[in-house]
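These are the residues of each chain, in order.
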Amino acid sequence: MTAKARMFGPFRVVTATGQDVTPKGQLRRAMLAVLLMSRDQICTRQSLIEMFWAESDPAKSAASLRTALSELRKDLAPLGPDCIIADRYSIRIDPDRITAGLAPSARRDAAFLEGIDLSLRGAEGFETWLRDQRLNQEPPPAEQALEPSALLALIEPMITPPAAVAIGLLPCRSDGRDPSSELSANLALDRFLDALSGVLALRLFDYRDNFGLNGRGGPELDQSNGPRLMIRASCHRARNQVSFQLLDTQSGEILWTGELSGIASPAAAAGATSDHDILRLVEELVPMLAENDGYGETEVLSPYQAIVSMFHLRQDRLDRLQTMLETAVEDRRSPIHHALLCYLSTIRTGEKLGKSGFAAPDAVRDLARDALRPDRFHAFSLSMSGYALTYLAGEAELGLDLAKKAVEIAPAQAFCWDQLALCLFSLGELDAGAIAAQRAQALGMHSPIRYTYDTTAAIIAFARSDYVAAAKYGNRALFRMPRFTSAIRYTAAAMAHLGHPNDGHRLVRQLQLLQPGTSTTEILDAGHLPRVAEFPERLTAGLKRAGLR
């Protein structure tokens, strides 16, 4: 039996046959709503505890969560026993049983989760979440909306481009760790794009992970085309500003910058800024975009899009991506395309997702040599080539030198720090590797591929015998990408070493489904292990305890 949760107006969960299975208690309704609105409908136990029982001691808060979960299972019993999937670390709502209905209610004034306002002590985290969700989900008041006709009247006649302008929306930045800063930047960007699309045909590729759910186009990374232009919003709380940068991925230039003042809070970003300020930015940008016929979709993926596409971990997509990159190498001979082919080979080899044709050491060396010519993506080329030389060609020292050079050139790039961490790990420099991995996690906290940074941190933690951290980071990676076998292997081994073989067995079963016939012998024979004493023995012992033979 399936059901849909109505999120606008009074919260209700109704099955396909019309049966109302809405949880009876306010707390359980709130908890279910949080789970349904989370990515992949998964939350960690710790995040729910911090949201609803922050002021209780750990033992009492854990018991309260168990009780609430037990009652919630009873509420949802008509949907089947597996509607709620829970383990030691996380709780998930099966999307095949319940989905969140985000279509607006027939009532125009219906609020998001209307009537759910907990007054429990310690539930301030939920109240903050609810407030931010309402700001993010509800449209600005009608009188503040920007009508295309009004924009057209204010902007001078322009040249209509022959095709829609393609723009990629990069993850937003903030100058602090306050989640509301990121939300402010995203709300401001959405509002600006709404105004821009009123006067110019746009084709949007949204790379912002959890944002862009209100009508933005998702990144169709399995197709051959992609955006040449990228836009990023940054929130500057100290200056009370949100700034925008429009980047040309072909030239590496910043084509345009703009700023909106007084909108460094979500409420302000959602609608308090005057329409005049939005229009001023639109007037600045539209002529440049409209008069250039080269800003449509490009035939070759940008480096950013190619890297994100790789980490979807789908063999058919990797096959198409490889063909596209091979064509780019032949046509343009750009160093970044050589580097991307190198890096694609490491993913296909490590995840067993088809054959690349470039995984042999000599082929990797040839590609890496061509990738080292300086260009506007030199840091990315160095980091990808360095890791490929380390992982596939056995050139660990040379690979480390290239990875170090990459972070010197681009110290703010999480991806470059992550590749440096992996190169340090291969040479057994675990303390330095852990520092580099932490740097990648901090810089890439909003990245769509941040689960790869968590996986690197898990691998290095395992090598340092810190099995608690390995399990923490590994599980966090698997929440976002359950098919990442690198994360599965080390998380399963860590769980077994921590005395949780059942969790390890569950992960090993998942590994065997993804890679039938895999064994500890095969993993060790593949190499790619660090120069750390007893590391192979500890990895083998953990995997065997988890049930892998």
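Everything numeric here is computed off the predicted structure, so don't read it as measured data.

Chemist: Would you take a moment to explain unusual backbone geometry for this structure?
Modeler: Look at Asp40: it is not a glycine, yet its phi comes out positive at around 60°. We classify Asp40 as partly exposed; its relative accessible area is 39%. Look at Lys352: it is not a glycine, yet its phi comes out positive at around 55°. Here Lys352 lies in the loop between helix 11 (335-351) and helix 12 (361-371). A relative accessible area of 38% means that Lys352 is categorised as partly exposed.

Chemist: For this particular structure, what's the right way to read the packing of aromatic side chains?
Modeler: In this description, an aromatic ring pair is defined by two values, namely the gap between the centres and the angle between the planes. Scanning all chains against the criterion turns up 18 aromatic pairs. Ring geometry for Tyr343 and Tyr387: centres 6.2 Å apart, planes at 55°, overall tilted. Of this pair, Tyr343 sits in helix 11 while Tyr387 is found in helix 13 (residues 378-392), placing the two residues 44 residues apart along the sequence. Here Tyr343 and Tyr387 have matching classes, each one buried. With a centroid separation of 5.7 Å and an interplanar angle of 70°, the aromatic rings of Phe462 and Tyr490 are classed as edge-to-face. Note that Phe462 is positioned in helix 17 (residues 450-463) and Tyr490 in helix 19 (residues 485-497), a separation of 28 residues in sequence. Considered together, Phe462 and Tyr490 belong to a single accessibility category, that of buried residues. An aromatic cluster is built from Phe311, Tyr343, Phe380, Tyr387, Tyr391, Phe415, Tyr451 and Phe484, whose rings are joined through pairwise contacts.

Chemist: Is there a simple way to explain the pattern of salt bridges in this structure?
Modeler: Opposite charge on two side chains makes pairing possible when the charged atoms of those side chains draw close. Summed over the entire model, instances satisfying the criterion amount to 16 salt bridges. Arg228 is paired through a salt bridge with Asp248; the nearest N and O atoms lie 2.8 Å apart. With a gap of 20 residues between them, Arg228 in the loop between strand 10 (226-227) and strand 11 (229-236) and Asp248 in strand 12 (residues 241-248) connect regions that are remote in the sequence. As far as the burial class goes, Arg228 and Asp248 line up, both buried. For Arg531, the salt bridge is made with Glu397, and the minimal N-O distance between the two is 3.1 Å. Of the two residues, Arg531 sits in the loop between helix 21 (520-525) and helix 22 (535-545) while Glu397 sits in helix 14 (residues 396-409), which places them 134 residues apart along the sequence. Its relative accessible area of 44% is what places Glu397 among the partly exposed residues. A cluster of three or more residues bridged by salt bridges with shared partners is formed by Asp362, Arg365 and Glu395.

Chemist: Help me understand the sheet that holds strand 1 (residues 3-6) in this model?
Modeler: Either a parallel or an antiparallel arrangement is found when strands of a sheet pair, and the pairing is made through backbone hydrogen bonds. Pairing in this open sheet of three strands is mixed, and the strands run 2-1-6 from one edge to the other. If you trace the sheet from one side to the other, it starts and ends with strand 2 (12-15) and strand 6 (98-101), each paired once. Averaged over all pairs of adjacent strands, the angle between their axes in this sheet comes to 25°, without regard to strand direction. Taken together, the four bridges between strand 1 and strand 6 define a ladder with parallel strand orientation. Looking across to strand 6, one finds that Ala5 is bridged to Ala100.

Chemist: I would appreciate a short explanation of the nonpolar core in the present structure.
Modeler: Most often, soluble globular proteins have nonpolar side chains that are buried together. Counting 94 residues, the largest nonpolar core has Met384 and Phe462 as its most contacted members. Ignoring anything within four residues of it in the chain, the contact list for Met384 reads Ile307, Ile336, Ala339, Leu340, Tyr343 and Phe415. Formed by 38 residues, the second largest nonpolar core is a distinct cluster that contains Leu36, Leu69, Cys83 and Phe112.

Chemist: It is not clear to me how the pairing of strand 5 (residues 90-93) should be interpreted in this structure. Could you clarify?
Modeler: Regular strands place their side chains on alternate faces of the sheet. With three bridges connecting them, strand 3 (residues 42-44) and strand 5 associate as antiparallel partners. When the sheet's bridge partners are listed, Cys43 is paired in strand 5 with Ile91. Strand direction decides the pairing type here: strand 4 (residues 84-86) and strand 5, joined by three bridges, are antiparallel. If you follow Ile85 over to strand 5, its bridge partner there is Arg92. Adjacent in sequence and paired antiparallel, strand 4 and strand 5 are bridged by three residues.

Chemist: I tried to follow helix 11 on my own but got confused; where do I start?
Modeler: Residues spaced three or four apart along an α-helix point in a common direction, a consequence of the helix completing one turn every 3.6 residues. Helix length check: helix 11 (17 residues) gives 25 Å between terminal C-alpha atoms against 24 Å at 1.5 Å per residue, within 8%. After helix 11 finishes, the residue Lys352 shows a positive phi value of roughly 55°.

Chemist: Just to check I follow, could you spell out the sheet that holds strand 3 for this structure?
Modeler: On the basis of which strands lie adjacent, the open sheet formed by three strands has the order 3-5-4 and antiparallel pairing. Only two strands of the sheet have a single partner each, and these edge strands are strand 3 and strand 4. Geometrically, the sheet is characterised by an average inter-axis angle of 20° between neighbouring strands, direction not taken into account. Lying on the sheet, helix 3 (residues 58-75) is in contact with strand 4 and strand 5; it crosses strand 4 at an angle near 150°.

Chemist: Could you clarify how one ought to interpret the side chain of His236 in this entry?
Modeler: Mapped onto the fold, His236 is located in strand 11. Its relative accessible area of 17% is what places His236 among the buried residues. Here the side chain of His236 touches Ser243 through a polar contact of 2.8 Å, side chain to side chain.

Chemist: Teacher, can you tell me more about the environment of Phe52 here?
Modeler: Among the secondary structure elements, Phe52 is positioned in helix 2 (residues 45-52). Judged by relative accessible area, which is 0%, Phe52 ranks as buried. For the pair formed by Phe52 and Glu127, sequence separation is 75 residues and the distance between their alpha carbons is 9.1 Å.

Chemist: Is there a simple way to explain the confidence of the model for the protein chain in this structure?
Modeler: For residues with low pLDDT, the predicted coordinates do not support detailed interpretation. With 83% of its residues at a pLDDT of at least 70, the protein chain reaches an overall mean of 81. Helix 19 holds the highest mean pLDDT among the elements of the protein chain, 95, whereas helix 5 (residues 148-154) holds the lowest, 47. Note that residues 139-159 has pLDDT below 50 and, in this model, 23 contacts with residues that lie over four places away or in other chains.

Procedures and definitions
- Residues numbered from 1 in each chain as written.
- Predicted model: local features only at pLDDT ≥ 70, side-chain atom pairs only at ≥ 80, totals over all residues.
- Heavy atoms only, no water.
- Buried < 20%, exposed > 50% of the residue type's maximum accessible area, 1.4 Å probe, protein only.
- Helix = DSSP H or I, 4+ residues; strand = E, 2+ residues; numbered from the N terminus.
- Phe/Tyr/Trp six-rings, centres within 6.5 Å; stacked < 30°, edge-to-face > 60°.
- Salt bridge = Lys/Arg side-chain N within 4 Å of Asp/Glu carboxyl O.
- Pairing = 2+ DSSP bridges.
- Axes fitted to C-alpha atoms, helices over the stretch in contact; angles between N-to-C directions.
- Core = buried A, V, L, I, M, F, W, Y, C linked by side-chain atoms within 4.5 Å.
- Contact = heavy atoms within 4.5 Å.
- Expected span 1.5 Å × (residues − 1).
- Polar contact = N/O pair within 3.5 Å; in protein donor to acceptor, adjacent residues only side chain to side chain.
- pLDDT = per-residue confidence, 0-100.

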